[in-house]
Amino acid sequence: MQFEISREALIKPLQLVTGVVERRQTLPVLSNVLLALDKGALALTGTDLEVELIGKVAVDNGQGDGEITVPARKLMDICKSLPEDALIKFSTEEGKAIIRVGRSRFSLVTLPASDFPSVEESKGSFEISVSRVALKSMLDNTSFAMAQQDVRYYLNGLLLEVTPDFLRVVATDGHRLALHTEKMAVGVASKHQVIVPRKGVSELSRLLAEGDDEVSLVIGNNNIRVKTRNYTFTSKLVDGKFPDYDRVLPKGGDKVMIGNRNGLKQALSRAAILSNEKFRGIRLMLAKDELRILANNPEQEEAEDVVSVEYSSSPLEIGFNVSYLIDVLNVVTTETVQMVLSDTNSSVLMQATEGSPALFVVMPMRL
């Protein structure tokens, strides 16, 4: 098995595939990347048994089609250290992978491709087509609200809901919720819900970073597969039931505040400096066209900031975890943001503008 490839052509797929590979593995072969040469095309595969990514790239002078696995991080580090215009000559000799670049030569230990696990095609799957930009936006707008290592394991992932009329993603950690809906004719007869694990979401978001083409989404009972022009991404699904998010969405809020997103974010960030480091609580006091932000900590230090907003309802005082509000303002991209409230003990509904595809819910704190 031998081929030639430029460093520039190899480094991007190798970076994406290596990102899936865990640094510490119980199975040695899982630290490797599978290289498969077939008719002038090289397929690179990385997996941790939960997530799998296959990238394809064209090579020159390919001879002796076959498969071999090599250490992913070492191959990645070698490629990074090479000059940008380097031409890599790859071959296999006596169970070793030989990489020649100019006057440099590297010899890597290999493991047989037969030891490399693959994620099986899921049964009962159906396929839908979605814009890469839309899917990336959906993940970026919601993934921050996923739980981290929660005992309620189904919260450590993202709900993907497919209906005949729309595609929706939802994330919650029990204290806040993010939801993004894209209206489209999906072509399914009934509603389907699956939970994609945290690592699957982050690796998929990295994969979708470039390009504006359509991607294919294959959803099965055990895994989800996303196909782009040069990549096939597969992730196992979380086996669990996601909470009924519709019950969490606040309804009937009669107090609406509209403010400048950047101004609010800066004021909240300033107040956060003197909030309690553990609980991160701040107090919002709303009056006519004015928002007063107050924070204090056990050292008796205090912060106060006043922001001009659009607000014409009765005065309201409410407490929040400041980090949750800032997280929402970080993903909203519009100039203004809207907050719909009802009373001191009810969650706030935040969105860019009325009718926007992304909604955010933050529960209040007792201060």
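Source: prediction; values computed, not measured.

Enquirer: Just checking my understanding: could you explain the sheet that holds strand 22 (residues 316–321) for this structure?
Expert: The antiparallel open sheet is built from 4 strands, whose spatial order is 21-20-19-22. Across the chains shown, the open sheet's two edge strands, defined by having one partner strand only, are strand 21 (302–308) and strand 22. The mean angle between the axes of side-by-side strands here comes to 20°, regardless of whether they run parallel or antiparallel. Summarising the sheet, strand 19 (residues 281–287) and strand 22 pair through 6 bridges and their orientation is antiparallel. Residue pairing for strand 22: Met-285 is matched across the bridge by Glu-317. Where helix 6 (residues 322–331) meets the sheet, it contacts strand 19 and strand 22, and its direction lies at approximately 85° from that of strand 22.

Enquirer: Is there a simple way to explain helix 5 (residues 261–272) in this structure?
Expert: Working note: α-helix, 3.6 residues per turn, so residues spaced by three or four point in the same direction. Here helix 5 is 12 residues long and its end C-alpha atoms lie 16 Å apart, about the 16 Å a rise of 1.5 Å per residue gives. Residues of helix 5 that are buried: Arg-261, Leu-264, Ala-267, Leu-268, Ala-271 and Ala-272. Looking down the long axis of helix 5, one finds its buried residues gathered within 140° of arc, a one-sided arrangement. Taken together, the buried residues of helix 5 touch strand 18 (255–260), strand 19, strand 20 (290–296), strand 21, helix 6 and strand 23 (336–341). Where helix 5 begins, one side-chain oxygen reaches toward the backbone nitrogen of Asn-262, 3.0 Å away; that side chain belongs to Asn-260.

Enquirer: I would appreciate a short explanation of the packing of aromatic side chains in the present structure.
Expert: Each aromatic ring pair is characterised by the separation of its centres together with the angle its planes make. Throughout the structure, instances matching the rule amount to 3 aromatic pairs. Summarising the aromatic geometry, the rings of Phe-3 and Phe-90 are spaced 4.9 Å apart at their centres and angled 15° between planes, so their arrangement reads as stacked. Remark: Phe-90 occurs in strand 7 (residues 87–93) and Phe-3 occurs in strand 1 (residues 2–6); sequence separation between them is 87 residues. Phe-90 gets classed as buried once you look at its relative accessible area, which sits at 4%. Ring geometry for Phe-144 against Phe-360: centres 6.0 Å apart, planes inclined by 35°, an arrangement best described as tilted. Here Phe-360 lies in strand 25 (residues 358–362) and Phe-144 lies in the loop between helix 3 (132–142) and strand 11 (157–162), a separation of 216 residues in the sequence.

Enquirer: How should the pairing of strand 24 (residues 348–351) be read in this particular structure?
Expert: Remember that side chains alternate between the two faces of the sheet whenever the strand is regular. Every second residue of strand 24 is oriented toward a common face, with Val-348 and Met-350 on one face and Leu-349 and Gln-351 on the other, all of them buried. Where strand 23 and strand 24 come together, 3 bridges link them in antiparallel fashion. Pairing of Met-339 across the sheet is with Met-350, part of strand 24. Looking at chain direction, strand 24 and strand 25 are connected through 3 bridges and run antiparallel. Residue pairing for strand 25: Val-348 is matched across the bridge by Val-362. The turn linking strand 24 back onto strand 25 is made up of 6 residues, and Gly-355 within it adopts a positive phi angle of 90°.

Enquirer: Could you clarify how one ought to interpret the sheet that holds strand 3 (residues 41–47) in this entry?
Expert: Across a sheet, paired strands are connected by hydrogen bonds in the backbone, their directions being either parallel or antiparallel. Taken together, 8 strands build an open sheet; the order of strands is 6-2-3-4-17-16-15-10 and the sheet is antiparallel. The outermost strands of the open sheet, each flanked by one partner alone, are strand 6 (66–71) and strand 10 (126–131). Taking each pair of neighbouring strands and ignoring which way they run, the sheet shows an average axis angle of 20°. Relative to strand 4 (residues 51–58), strand 3 runs antiparallel, the two sharing 7 bridges. The residue bridging Leu-44 from the neighbouring strand is Gly-55, located in strand 4. Set on the sheet, helix 2 (residues 72–81) makes contact with strand 2 (32–38) and strand 6; between it and strand 6 the angle comes to about 85°.

Parameters and conventions
- Residues numbered from 1 in each chain as written.
- Predicted model: local features only at pLDDT ≥ 70, side-chain atom pairs only at ≥ 80, totals over all residues.
- Heavy atoms only, no water.
- Pairing = 2+ DSSP bridges.
- Helix = DSSP H or I, 4+ residues; strand = E, 2+ residues; numbered from the N terminus.
- Axes fitted to C-alpha atoms, helices over the stretch in contact; angles between N-to-C directions.
- Contact = heavy atoms within 4.5 Å.
- Expected span 1.5 Å × (residues − 1).
- Buried < 20%, exposed > 50% of the residue type's maximum accessible area, 1.4 Å probe, protein only.
- Arc of directions from axis to C-beta.
- Polar contact = N/O pair within 3.5 Å; in protein donor to acceptor, adjacent residues only side chain to side chain.
- Phe/Tyr/Trp six-rings, centres within 6.5 Å; stacked < 30°, edge-to-face > 60°.

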